[in-house]
Amino acid sequence: MNYRLPWIAALVLFGAMLVASPALASQQAPADCAFILGFKTLQGLIDEAEGPATVGECLENQRFDAYGNAEQRTAGGLMVWRKADNWTAFSDGYRTWVNRGEDGLQVQINGATAMLAGPDGASLGMVTLTQGPHGVLIAAGLRGLSPGGHGFHIHEFGSCSPSFAAAGGHFNPEGTGHGFLHEGGVHAGDTPNIYAAADGTARADIFTAAVTLALDADHSLFDADGSAIIVHEKPDSYGADPGAGGRVACGVIQRNAIG
Ligand SMILES: [Cu+2]
């Protein structure tokens, strides 16, 4: 019986090689890939430091964004968009690089815009959101408000119709309580009150590290159901109950076009 042992050992060893062999694994991968990228991280694309060894990076989990573009993520955490005409863009969440063909890659800071309107559809101005390395800068330029303080929040759904109730409650991915001054707070969508002058105009710059414009990230304003800016009738109390009254302006937060 002893003469069989070397054969068994050899079979076991060969089986282990089949499982562990990277060459065999890489031969199988392309069949599962919808798209193969030549680099793993953005830096690898820019300075080619990663070299040809990274060619063959498989992009998996393809899905389509709100604009119908294919959207995938590399193992290096890079977001990649593709269109049928071979237009491509790459984002690390803070910045987006757009491939402009002969003009090469151009970089832009990620941003979004909400056009605010009253319940009657009248335009009440614009809110811009700019992604920075430490959070999002929100700039409001509004008009048509009653003079004085108004609650100003990010709400959980990207909809303002058929009524502003469609925007849902505050953007609150952590499921916490409300209010800057409340022990159980705060909502990620809580932002400070804005104040309208006697002529109804209001301007405000607000910074928040509680949200991000990065796609496919925790606290992203571009989660599956989007998000909206709501201006309230009265100022927020900053307590557990905002007490800010009705909704006087609403705007869906929309990602600025890329490319
Ligand atoms: Cu609100």
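This text goes with the structure placed above it.
Residues numbered from 1 in each chain as written. Predicted model: local features only at pLDDT ≥ 70, side-chain atom pairs only at ≥ 80, totals over all residues.

Caption draft 1: Broad picture of the environment of Ala-117. With respect to the secondary-structure elements, Ala-117 resides in strand E8 (residues 111–117). For the pair Ala-117 and Gly-144, spaced 27 residues apart in the sequence, the C-alpha separation amounts to 9.6 Å. Ignoring sequence-local partners within four residues, the contact set of Ala-117 consists of Ala-122, Ser-123, Leu-124, Ala-249, Cys-250 and Gly-251. (Helix = DSSP H or I, 4+ residues; strand = E, 2+ residues; numbered from the N terminus. Contact = placed C-beta atoms within 7 Å.)

Caption draft 2: Examining the sheet that holds strand E15 (residues 247–255) more closely. Strand order in this open sheet of eight strands is E12-E11-E14-E15-E8-E9-E10-E13, and the pairing throughout is antiparallel. Pairing within the sheet leaves two strands with one partner each, and these edge strands are strand E12 (190–196) and strand E13 (202–208). Averaged over all pairs of adjacent strands, the angle between strand axes in this sheet comes to 20 degrees, irrespective of strand direction. Where strand E10 (residues 136–142) meets E13, seven bridges bridge the pair, whose relative direction is antiparallel. (Pairing = 2+ DSSP bridges. Axes fitted to C-alpha atoms, helices over the stretch in contact; angles between N-to-C directions.)

Caption draft 3: Focus on the nonpolar core. Within the largest apolar cluster, 34 residues are counted, with the highest numbers of intra-cluster contacts made by Leu-116, Leu-142, Ala-228, Ile-229, Val-231, Cys-250 and Ile-253. At the level of secondary structure, the elements contributing two or more residues to this core comprise E8, strand E9 (123–131), E10, strand E11 (148–155), E12, strand E14 (228–232) and E15. At five residues, the largest contribution of residues to this core is made by E15. Judged by nonpolar contacts, the second largest core, of seven residues, contains Leu-78, Val-80, Trp-81 and Ala-89. (Core = buried A, V, L, I, M, F, W, Y, C linked by C-beta atoms within 7 Å. Buried ≥ 20, exposed ≤ 12 C-beta atoms within 10 Å, placed from the backbone.)

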